[in-house]
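Each chain is listed here by its residues.
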Amino acid sequence: MASEEDAIFVLPCDNREHNYEGLYSLMMSLKDLNREHLETEFAPILTVTAVPQVKRPAVEYFLGLTGSDDGKLFIGGSDKFIKGILELTDDSDDVIVEASYKTLVNLATQDSTCSRILNSENCSEIVVKNFEKILDPKYRHADLVCKFLSNLTRPEECARSVADIVKENRDKLKIIKFVTVLCTKDYNAKADLHYLAPVLANLSQIRHIRDEILTRDQWVIQRLLPFVNYMQSDIRRLGVVSCIKNCCFDDACHEWLLSDKVNILSFLLLPLAGPEEFDDDDMEKLPDEIQYLPADKTREPNPEIRRILLQAVLKLCATKEGRLFIKEKNTYIIIRELHKWESQRSNIPTIMNLIDILIGDEPEQGMENLHQVEIPEHLEEKFRKEDQEDEKEYLS
């Protein structure tokens, strides 16, 4: 049975561009550092009112500490440190702002730190302010803000907290605005905004965010679909595909998604299709966009993205109507050829699950909706173990 726990989490982003080992080696081992003492020493420095000659090396020192997990946990365990670094993201010195955001990007790879940030008294202000920076087409550090929010929303409970803040501030923050920004070429001349896609993917774990993306009169998901083939950035493509896959959880939208108004199946199948030629009967059954592809047609090169595309098609097969439509569109021959070609063994079980549905008989009456079928606990455990064994076999 489908649940929001299945939703996609985008991998955390780290910034390790600078080598601070020399500075770090001058300090005592973290286990010997006294956080309270350092808070007393550094708190007055980590403010926009501090002297630039002092706060710049201070924030760069903290950035250096985030080069290790121990350092990230040490800094992330202090409300005062986090508050100071967040404050410096509004500094007038671009060097300080950049170092502060890179520090936050690294700190937010720790779930505990994400929770600490979102449990602070001013968490709503933090979230709103950072989203507004992304919406500002002239903000030069927008890419770092996107990376920070991507990591911050990676844990599901944190994505839920941020999604609730977005909902509470709909007058300032609308999902359709962020989709528009993501889909607007050169929206910000100083930032590529690729990491905005993982932010949307993480937030789309939450139902009310998906509802906004699936609003039928706003043309939102239709704007995202072309970026399934956006080859300029794996990050953007992965984020968009993950977001679309999450939207396929909602059975009530399947008929609309598969209709000509959205045409989601064509967008999901095109990256999985190769240059193979089929006879005319098979070809004519395929969606128009998948017919008569050129001889140099290549498949999606990223195996993780291929797997998510397959999972999205699987989700659309949950209802009888969806399965029948997908079968009628001759999806099987695309997945069959993909199976012959697929080199990533961990993707094979997903391909086989989809093939089983496409060539299998329809479930008996009362079990047509695969998302609503209740599987006895002992059978669910058995199937889970069998899947794990199959995957190990493919990986061996």
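The preceding data block contains the structure.
Residues numbered from 1 in each chain as written. Predicted model: local features only at pLDDT ≥ 70, side-chain atom pairs only at ≥ 80, totals over all residues. Heavy atoms only, no water.

Peer 1: Got a minute to help me understand the overall build of the protein in this structure?
Peer 2: For the protein, the count of helices and strands is 23 helices and zero strands. For the protein, the proportion of its 396 residues judged to be buried stands at 51%. Summarising the internal contacts of the protein: among those between residues at least 6 apart in sequence, 76% fall at separations of at least 24. Split by element, the accessible area of the protein, about 19,300 Å² in all, is 48% carbon and sulfur. (Helix = DSSP H or I, 4+ residues; strand = E, 2+ residues; numbered from the N terminus. Buried < 20%, exposed > 50% of the residue type's maximum accessible area, 1.4 Å probe, protein only. Contact = heavy atoms within 4.5 Å. Areas by Shrake-Rupley, 256 points an atom, 1.4 Å probe, with all protein chains shown as cover.)

Peer 1: What exactly am I supposed to notice about helix H3 (residues 52-65) here?
Peer 2: Since the α-helix advances by 3.6 residues per turn, residues separated by three or four positions end up pointing in the same direction. Compared with the 20 Å implied by 1.5 Å per residue over 14 residues, the 20 Å span of H3 between its first and last C-alpha is a close match. When we look at burial in H3, the residues that qualify are Lys55, Ala58, Val59, Tyr61, Phe62, Leu63, Gly64 and Leu65. (Expected span 1.5 Å × (residues − 1).)

Peer 1: I'm lost on the pattern of salt bridges in this one. Help?
Peer 2: Counted according to the given criterion, the structure contains 21 salt bridges. The residue Asp234 makes a salt bridge to Arg237 at a minimum N-O spacing of 2.8 Å. Note that Asp234 and Arg237 are positioned in helix H15 (residues 234-247) at a spacing of three residues, about one turn of the helix. Residue classification places Arg237 among the buried residues on the basis of a relative accessible area of 0%. In this structure, Arg299 and Glu276 form a salt bridge, with 3.0 Å as the shortest nitrogen-oxygen distance. Of this pair, Arg299 sits in the loop between helix H18 (280-285) and helix H19 (303-316) while Glu276 is found in the loop between helix H17 (264-269) and H18, placing the two residues 23 residues apart along the sequence. The buried category is assigned to Arg299, whose relative accessible area is 8%. Glu276 sits in the partly exposed class, given a relative accessible area of 25%. Each member of the salt-bridge network shares a partner with another, and the members are Asp90, Glu125, Lys129 and Lys133. (Salt bridge = Lys/Arg side-chain N within 4 Å of Asp/Glu carboxyl O.)

Peer 1: Any chance you could explain the state of the cysteines here in plain terms?
Peer 2: Disulfides are covalent bonds that connect the sulfur atoms of two cysteines. Tallied over the full model, the rule gives zero disulfides. With no disulfide partner, Cys243 has as its closest neighbouring cysteine sulfur the one in Cys247, 4.6 Å distant. (Disulfide = S-S within 2.5 Å.)

Peer 1: When you look at the packing of helix H8 (residues 123-135) against helix H10 (residues 156-168) in this model, what are you seeing that I'm missing?
Peer 2: Two packed helices can be described by the angle between their axes and the distance between those axes. The contact between H8 and H10 brings their axes to 10 Å, and the two run at 75 degrees. In terms of orientation, H8 and H10 fall into the roughly perpendicular class. Across the interface between the two elements, Cys123, Ser124, Val127, Val128 and Phe131 from H8 touch Val162, Ile165 and Val166 from H10. (Axes fitted to C-alpha atoms, helices over the stretch in contact; angles between N-to-C directions. Parallel < 35°, antiparallel > 145°, perpendicular 65-115°, else oblique.)

Peer 1: Sorry, what's going on with helix H4 (residues 69-76) here?
Peer 2: For H4, the set of buried residues is Gly71, Lys72, Phe74, Ile75 and Gly76. Elements that come into contact with the buried residues of H4 comprise helix H2 (35-42), H3, helix H5 (79-88), helix H6 (94-107) and helix H7 (111-118).

Peer 1: I'm lost on the nonpolar core in this one. Help?
Peer 2: Generally speaking, a soluble globular protein has its nonpolar side chains buried in company with each other. Counting residues in hydrophobic clusters, the biggest one holds 114 residues, and the most contacted among them are Phe131, Phe148, Ile213, Leu257, Ile264 and Ile335. Residue contributions to this core peak at eight residues, all from H19. Excluding residues that lie within four positions of it along the chain, Phe131 makes contacts with Leu149, Val162, Val166, Leu173, Phe178, Val199 and Leu203. (Core = buried A, V, L, I, M, F, W, Y, C linked by side-chain atoms within 4.5 Å.)

Taken by themselves, the reported measurements are silent on function.
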